[in-house]
Structure formats: C-alpha cells, structure tokens
Amino acid sequence: MNSKIILITGNLGYVGVELVKFLKKKNKKLFIIGYDIGFYSKNFFQKIDNKKYIDYQIKSDVRDQTFQNLKKFKIDTIIHLAAVSNDPMGSFFIRPTREINTIYSKKLIDWAKNHGVKKFIFSSSCSVYGFSNKICSEDSKTNPLTEYAKSKLKIEKYLKKKFSSKFKAIILRFSTACGASSMLRLDLVLNDFVASATVSKKIKILSDGKALRPLIDVLDMAKAFYWADKYNSKNFLCVNVGNEKMNYRIVDLANLVKKFLPDSKILINSANVDNRSYRVNFSKFKSLFSGYKNMKGAKYSIAKLIYMLKKRNFKNKDFRSSNFMRLISLKNQIAKKKLNNNLKVLHD
C-alpha cells in the first residue's frame, strides 16, 4: 500500500464525521482507518455513507485496545479524537473519563511510538486554562477545573515526554466547538442557543452569561487537523487553535443569535456563575496557519446551523432531553440496556 495511512479515533463523532469528509475531499488517495465504538451511530442528524470516507473501520471500545487489527497497516499519522467529550459527561462518568481520556490515550501513544507512527496529533482543549482574568497564550499557567480538562492536560504532558525526532507530536488546544455537523451535537453553547431560538423562540443562558469563551467552527477544526498533518515541525508543538474574533462573552453570543432570530427572547440565570471563563490568544496559530484569515466567524456557524435545522424541519422543543445531548444519549442507552456490559461501558 503506497498511499498515506491515517488512523482517526472517534471518527464517528461530531468532529470526526466532518474531518474524514474534509480529508477525503483534499486527498482521495488517502487511506483512512476509523476507530470508534459507535455510541452515537444512530444519532445522525444527516445520514452519510461512512464507507465513502473510511477505508477500514474498527468498531470497538477504545479501552479494548484491539491493536491487533492495526498491525497489518504502516500508519503514518494518528489523529486522536476519542474521548468522553465534555464537562457534564466527565462529571457524571468520572472513572470512564479517566480510563478513556487518560489511561487509554497513554497506551495508544506508547503503541504508536513503538510501531513507527511518524506523527501523533492530539485534540486538546483551551479548557485547560479553566479560569483566568488574563489573555491566555500557550505559555500561560493552566488551571483545569473539570475531569475533562484535567485529562487533556495530562495527555499533553505525557505526549511531550514521548516526543522525539522520529515521533513527532502536535497538540491542538481547540476553542469550544460549534457549527453544523452530520453528527449534530446540541450540548455545545452556540448550537444550544441556535436550536432553542429556532424551536421555541427562547435563548436560555444557564448561567449569568458573563463568562468568556473562545469558539471555533467544526469546519475550521477539520482544516486545523489537515494543516497539522502536513506541518513539518522539528520541535514539539502545542498551539491554541481558534481566532481572535471568536472570543465571546456568553451573553454577547446569545445577542448575536438573536440578531438572526429576532423574535427570540433571551433568558438569563443570574444566580448561576460559570467559573470556566478565559480569553485566548491565537497569535502563534496565526503565524503558523496560512488559512487563519479565512477562518469562519460565529455568523457563519449560526447561519449554517439555522439552515440545517430548518431544512430538516427540526421542531423538538425538548431537545435538551434528546439524544442530541451526549450525556442524555448515553443515559438512555444504559437505561435501555443497549450498551454491552462486557465493554465496561460507562458505569462508575
């Protein structure tokens, strides 16, 4: 096999499905291996032909570590997305978060280095900054406040130790994801606001709205992974991924959504203060990524989400209790016993 081989863990997730489409569009000869348990495979908002984008799919819990299936491939790059993927899930499933996000990730890094993988790209998060009154650069003090954020920082540190001239490592500290995806999530702040405004003409801010948060459209996340795979760095690289214009105070983000859907009413929970607040500096990414000036703004993400929801005639006013919320989806599967206990799935 002469084509380049990339392994993507979590390829059936919110970011993963859009990433594989983007990579195949850029290079049809690319051989992509997907590794995903498929917890959300029935939650597609818009069906896609996975076989069109994935050349070899492993459907397994990442904790099972079926590396035997990978030995026949000479993998060039691993893009590691698989994780218990947000703060509410991390708080509810503490032990699985530590197993999947930390223990398994370390074992995957070790396996990759021992089997000649040239580059390991890790999907980290700006949430490692936790709370800060200062603008956070890559050199700023980290202050992870949640299990999810703590797990990301642990893998960053571990990957830095494993870096070598033959095992390149790039850490992408992503802003909060947003935007349209075939595997839609509505438990992301901007997506939640747009869905709520669309179906009920209400934008419910679950906090006082004063927290600062950087955002990034899922399409720009895909572009960042593509750039990281092609980028030739002699040194270990950790970079904040996002755009200065996408640093938002939550209440300002709600007001922006209201401009698109002016009949909406903004509801603020003033009694709840969100301690996760940080503004991020992206000058390093700007200096490295040639596509920085063309990155999408929040207006693009909002418009595309509204178009997708209306095209699919989305009217679920109770969407916060639906499978479009990752924590709810897993709870429903556990309740219906659809998750195989042999997978040691998500029980603490």
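In this text, all values refer to a predicted model and were calculated from it rather than measured experimentally. (Residues numbered from 1 in each chain as written. Predicted model: local features only at pLDDT ≥ 70, side-chain atom pairs only at ≥ 80, totals over all residues. Heavy atoms only, no water.)

Draft legend 1. Focus on the overall build of the protein. Each helix and strand counted, the protein has 11 helices and 14 strands in total. A buried classification covers 58% of the 348 residues belonging to the protein. Carbon and sulfur atoms provide 49% of the accessible area of the protein, an area that totals close to 16200 Å². (Helix = DSSP H or I, 4+ residues; strand = E, 2+ residues; numbered from the N terminus. Buried < 20%, exposed > 50% of the residue type's maximum accessible area, 1.4 Å probe, protein only. Areas by Shrake-Rupley, 256 points an atom, 1.4 Å probe, with all protein chains shown as cover.)

Draft legend 2. Structural context of the pattern of salt bridges. Applying the stated rule across the entire model yields nine salt bridges. Measuring nitrogen to oxygen at the nearest pair gives 2.8 Å for the salt bridge that ties D229 to K4. With D229 in helix α7 (residues 218–230) and K4 in the segment before β1 (5–9), this residue pair connects regions lying 225 residues apart in the sequence. (Salt bridge = Lys/Arg side-chain N within 4 Å of Asp/Glu carboxyl O.)

Draft legend 3. A look at the sheet that holds strand β4 (residues 77–80). Pairing is parallel across the open sheet formed by seven strands, whose spatial order is β3-β2-β1-β4-β5-β7-β11. Looking at which strands have only one partner, the edges of the open sheet turn out to be β3 (56–58) and β11 (237–241). In this sheet, neighbouring strand axes are inclined to one another by 15° on average, regardless of whether the strands run parallel or antiparallel. Alignment of strand β7 (residues 168–174) against β11, held across five bridges, turns out to be parallel. Bridged to I171 within β11 is C238. Against the sheet, helix α5 (residues 147–162) engages β5 (119–125), β7 and β11, with an angle of about 150° to β5. On the sheet, α7 packs against β1, β4, β5, β7 and β11 and is oriented at approximately 160° with respect to β7. (Pairing = 2+ DSSP bridges. Axes fitted to C-alpha atoms, helices over the stretch in contact; angles between N-to-C directions. Contact = heavy atoms within 4.5 Å.)

Draft legend 4. Just the packing of helix α1 (residues 16–26) against α7, in detail. As a packed pair, α1 and α7 sit with axes 9 Å apart at the nearest point and diverge in direction by 55°. On the basis of their axis angle, the class for α1 and α7 is oblique. Crossing of α1 against α7: the hand is right-handed. Touching E18, L19, F22, L23 and K26 of α1 are V218, L219, A222, K223, F225 and Y226, all from α7. For the contact of α1 with α7, the residue count by class is eight nonpolar, no polar and three charged. (Parallel < 35°, antiparallel > 145°, perpendicular 65-115°, else oblique. Left-handed = near helix turned anticlockwise from the far one by under 90°. Nonpolar A, V, L, I, M, F, W, Y, C, P; charged D, E, K, R; others polar.)

Draft legend 5. Helix α10 (residues 298–311), seen in detail. The first and last C-alpha atoms of α10 sit 20 Å apart over 14 residues, in line with the 20 Å expected at 1.5 Å per residue. All of the buried residues along α10 are A298, S301, I302, L305, I306, M308 and L309. Looking straight down α10, one finds that the buried residues subtend no more than 165° of arc, so they occupy a single side. Those residues of α10 that are exposed and aimed more than 90 degrees away from the buried face are K299, Y307, K310 and K311. Buried positions along α10 lie against β8 (176–178), α6 (189–200), β10 (212–217), β12 (247–249) and α8 (250–260). One or two residues past the end of α10 sits N313, with phi positive at roughly 55°. (Expected span 1.5 Å × (residues − 1). Arc of directions from axis to C-beta.)

Draft legend 6. Structural view of the sheet that holds β8. Strand order in this open sheet of three strands is β8-β10-β12, and the pairing throughout is mixed. The open sheet has two free edges, formed respectively by β8 and β12, since each of these has just one partner strand. Strand after strand, the sheet turns through a mean of 45° between neighbouring axes, direction not considered. The pairing of β10 with β12 spans three bridges and is antiparallel. Within β12, the position partnered with L212 by the bridge is R249. Contacts from α8 reach β10 and β12 within the one sheet, and its direction differs from that of β12 by about 95°.

Draft legend 7. Region of interest: a positive patch on the surface. Taken together, the side chains of K25, K26, K28, K52 and K230 make up a positively charged region of the molecular surface. Within the element layout of this structure, K230 appears in helix α7. Since its relative accessible area comes to 55%, K230 is described here as exposed. (Patch = residues over 30% accessible without salt bridge, like charges linked within 9 Å, V, L, I, M, F, W, Y side chains within 5 Å. Lys, Arg positive; Asp, Glu negative; His and termini not counted. Charge placed at Lys NZ, Arg CZ, Asp CG, Glu CD.)

Draft legend 8. Region of interest: unusual backbone geometry. For K201, which is not glycine, the phi dihedral falls at a positive 60°. Positionally, K201 belongs in the loop between α6 and β9 (202–205). Take K201: its relative accessible area is 49%, and that puts it in the partly exposed class.

Draft legend 9. Here's a closer look at the nonpolar core. Counting 43 residues, the largest nonpolar core has I8, I79, L172, F225 and F285 as the members making the most contacts within it. At the level of elements, β1, α1, β7, α7, β11 and β14 (277–280) are the ones that each hand at least two residues to this core. Ranked by the residues each element gives to this core, the list is headed by α7, at seven residues. Leave out the neighbours within four places in its chain, and F285 touches A224, W227, V239, N240, V241, G242, Y292 and M295. The next biggest cluster of nonpolar side chains, apart from the first, holds 34 residues, and it includes F193, I205, I302 and M308. (Core = buried A, V, L, I, M, F, W, Y, C linked by side-chain atoms within 4.5 Å.)

Draft legend 10. Highlighting the packing of aromatic side chains. Overall, the coordinates contain 11 aromatic pairs when judged by the stated rule. Ring centres of F31 and F73 lie 5.6 Å apart, and the angle between their planes is 35°; on these two criteria the pair is classed as tilted. Of this pair, F31 sits in strand β2 (residues 31–35) while F73 sits in the loop between β3 and β4, and the two are 42 residues apart along the sequence. In this structure F73 comes out as buried when scored by relative accessible area, which is 12%. Centroid distance F120 to F167: 6.3 Å. Interplanar angle 55°. Geometry classified as tilted. In this pair, F120 is assigned in strand β5 and F167 in the loop between α5 and β7, connecting sequence segments 47 residues apart. For the pair shown, F120 and F167 are each scored as buried. Positioned over the ring face of Y300 is K296, at 4.6 Å from the centre of the ring. (Phe/Tyr/Trp six-rings, centres within 6.5 Å; stacked < 30°, edge-to-face > 60°. Lys NZ or Arg CZ within 6 Å of the ring centre and 35° of its normal.)

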